[in-house]
Amino acid sequence: MKKYILSALGLLMLGTCLTTINARKQPVPKIYMFGMAASFTDTIVHFTNIQEVDSAWIDTRNNFLQDREAYSYQLRDYLSTQQAMPQRTCMVFYSLKREKLLKKYQKMQRLYTKSKDGLKHFDVRQLDDQQFRFKTVSSEIITEGDAQ
């Protein structure tokens, strides 16, 4: 019985190691992205346009955008310095397909512009591409041979 438990534990540890080793970042030629910023202290909500961002990195294990917090920090820093609106909570939405992201964009816009009671609860402001543009965040692949 003890032999079976040790064998199962060993297989579990091996599976965990293989999952960690297979977690790689993969560059994609372009992704589509938009940002949204809101605050808990006022009703102003900012949306960027859907933008094409070149040379992004995707985690192949779960298709997450690498360094996505850096993209949201770009929007937060812009609003803080250029618009004098600090302490915004910024979110970034992305997809490899523009049509899929457009549906998410429209859903988020409806959430903040239409209400059941017909009243306008949020001041939605659009940031065009001349005002704010996401910049590519470079990420490097670290392989076993590179780690020292």
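Here, every reference points to the structure presented above.
Residues numbered from 1 in each chain as written. Predicted model: local features only at pLDDT ≥ 70, side-chain atom pairs only at ≥ 80, totals over all residues. Heavy atoms only, no water.

1. Topic: the environment of leucine 75
Stage number 1. Within the secondary structure, leucine 75 is located in helix 2 (residues 68-81).
Stage number 2. Residues leucine 75 and phenylalanine 47, 28 residues apart in the sequence, show an inter-C-alpha distance of 9.9 Å.
Stage number 3. The residues contacting leucine 75, other than those within four sequence positions of it, are Gly35, Met36, Ala37, Thr48, Cys90, Leu127 and Phe132. (Helix = DSSP H or I, 4+ residues; strand = E, 2+ residues; numbered from the N terminus. Contact = heavy atoms within 4.5 Å.)

2. Here's the deal with helix 2
Stage number 1. Between its first and last C-alpha atoms helix 2 spans 20 Å; for 14 residues at 1.5 Å apiece the expected length is 20 Å, and the two agree.
Stage number 2. Among the residues of helix 2, Tyr71, Ser72, Gln74, Leu75, Tyr78 and Leu79 are the ones counted as buried. Take helix 2 and look down its axis: the buried residues cluster within an arc of 145°, on one side only.
Stage number 3. Close packing links the buried residues of helix 2 with strand 1 (25-38), strand 2 (44-48), strand 3 (51-59), strand 4 (89-95) and strand 5 (123-127). (Expected span 1.5 Å × (residues − 1). Buried < 20%, exposed > 50% of the residue type's maximum accessible area, 1.4 Å probe, protein only. Arc of directions from axis to C-beta.)

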